[in-house]
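# Descriptive analysis of the structure
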Amino acid sequence: MKIGILDSGVGGLSVLKEIHKCLRGAELHYVADSSWCPYGNKPGNIICERVTSIADYLLEQGAEILVIACNSATIHAVGSLRATYPLPVVGMEPAVKPASEITRSGVVGVLATEASIAGEKFHQLVNTHAKGVRVITQPCPRFVELVEAGNLDGPEAEDAIDEAIAPLLASNADVLVLGCTHYPFLRPVIERRIPDGVNLIDTGPAVAKRVASLLSGTPDLSKDSPEIHIETTGSLEQLNLLLPKLLPGMEATTSEAGF
Ligand code: DGL
């Protein structure tokens, strides 16, 4: 069973990591669209077109399940992908629902891209799942740049994080949603910069569980013989430099995507 995974760049590797934890033997084929990164500042129709061509490619390469490891791409493309493809398409959206269930202050902060927050789907998510909760959004384009550059710690990361979370904490948010797949790579620093009692939620583990549930009953997925292939539309050299930081201890082959 081959799982095709895509994101605007290397952020979705945070989801690949979770899928690999649940399904050790699954064959994973990932496309990092780093030459188009960020998606977060692009119009929804452009994101949808681009994601559809990458999804077509993953299907041609034999993917039997498609994982849109990108909140921005899910918000703008998952509906049309599900209507087009005869295979399971797993998407992800900022974890507004679980955050609203655990907030004690009644204020939830959502860190996400402009593209995710601007979509009608996000408003529906808030209206449906955050009744009586104040949801404050905060785009963090610098986080994506930091992760694509491999700057996962240090003064620059701390500064970007402090700037993004200050207004949320000042509004008394006690749950922060990591609503973009790049952000979990900054989680250790974010954890250091928030006060005790403030929770962080990331959707990656829930997406991995969903993928695992689609594959339940498939043989050989627990054995430790993973085949992970990662392609980039950006620089292969940069991808190879990033992988030991983003996926420490994991083996993967890499190549340049031909589009
Ligand atoms: N990783 C993506 C997401 O989950 C988008 C980052 C970007 O390209 O702006 O939304």
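Just above, that's the structure.
Presented here is a report on the structure given in the accompanying data block. Being a predicted model, the structure only gives us computed values, none of them experimental. (Residues numbered from 1 in each chain as written. Predicted model: local features only at pLDDT ≥ 70, side-chain atom pairs only at ≥ 80, totals over all residues. Heavy atoms only, no water.)

### Things to note about the pattern of salt bridges
- Scanning the model with the defined rule gives 11 salt bridges in all.
- Glu191 serves as the salt-bridge partner of Arg187, at 3.0 Å between the closest nitrogen and oxygen. Highlighted residues: Arg187 and Glu191, both in helix α9 (residues 187-193), separated by four residues, approximately one helical turn.
- Relative accessible area serves as the criterion here: at 25%, Arg187 is assigned to the partly exposed category.
- Exposure remark for Glu191: the relative accessible area of 42% places this residue in the partly exposed category.
- Linked through salt bridges whose partners overlap, the residues forming this network are Asp153, Glu158, Asp162, Arg192 and Arg193. (Salt bridge = Lys/Arg side-chain N within 4 Å of Asp/Glu carboxyl O. Helix = DSSP H or I, 4+ residues; strand = E, 2+ residues; numbered from the N terminus. Buried < 20%, exposed > 50% of the residue type's maximum accessible area, 1.4 Å probe, protein only.)

### Thoughts on the side chain of Gln138
- Within the fold, Gln138 resides in strand β6 (residues 134-139).
- The buried category is assigned to Gln138, whose relative accessible area is 19%.
- In contact with Gln138, other than residues within four places in its own chain, are Val110, Leu111, Ala112, Ile117, Ala164, Pro167 and Leu168. (Contact = heavy atoms within 4.5 Å.)

### Some thoughts on the nonpolar core
- Counting residues in each nonpolar core, the largest one holds 56 residues, and the members touching the most others are Ile3, Leu13, Ile19 and Val67.
- Ranked by the residues each element gives to this core, the list is headed by helix α8 (residues 155-170), at six residues.
- Val31, Leu58, Cys70 and Leu87 belong to the second-largest nonpolar core, a separate cluster that totals 22 residues. (Core = buried A, V, L, I, M, F, W, Y, C linked by side-chain atoms within 4.5 Å.)

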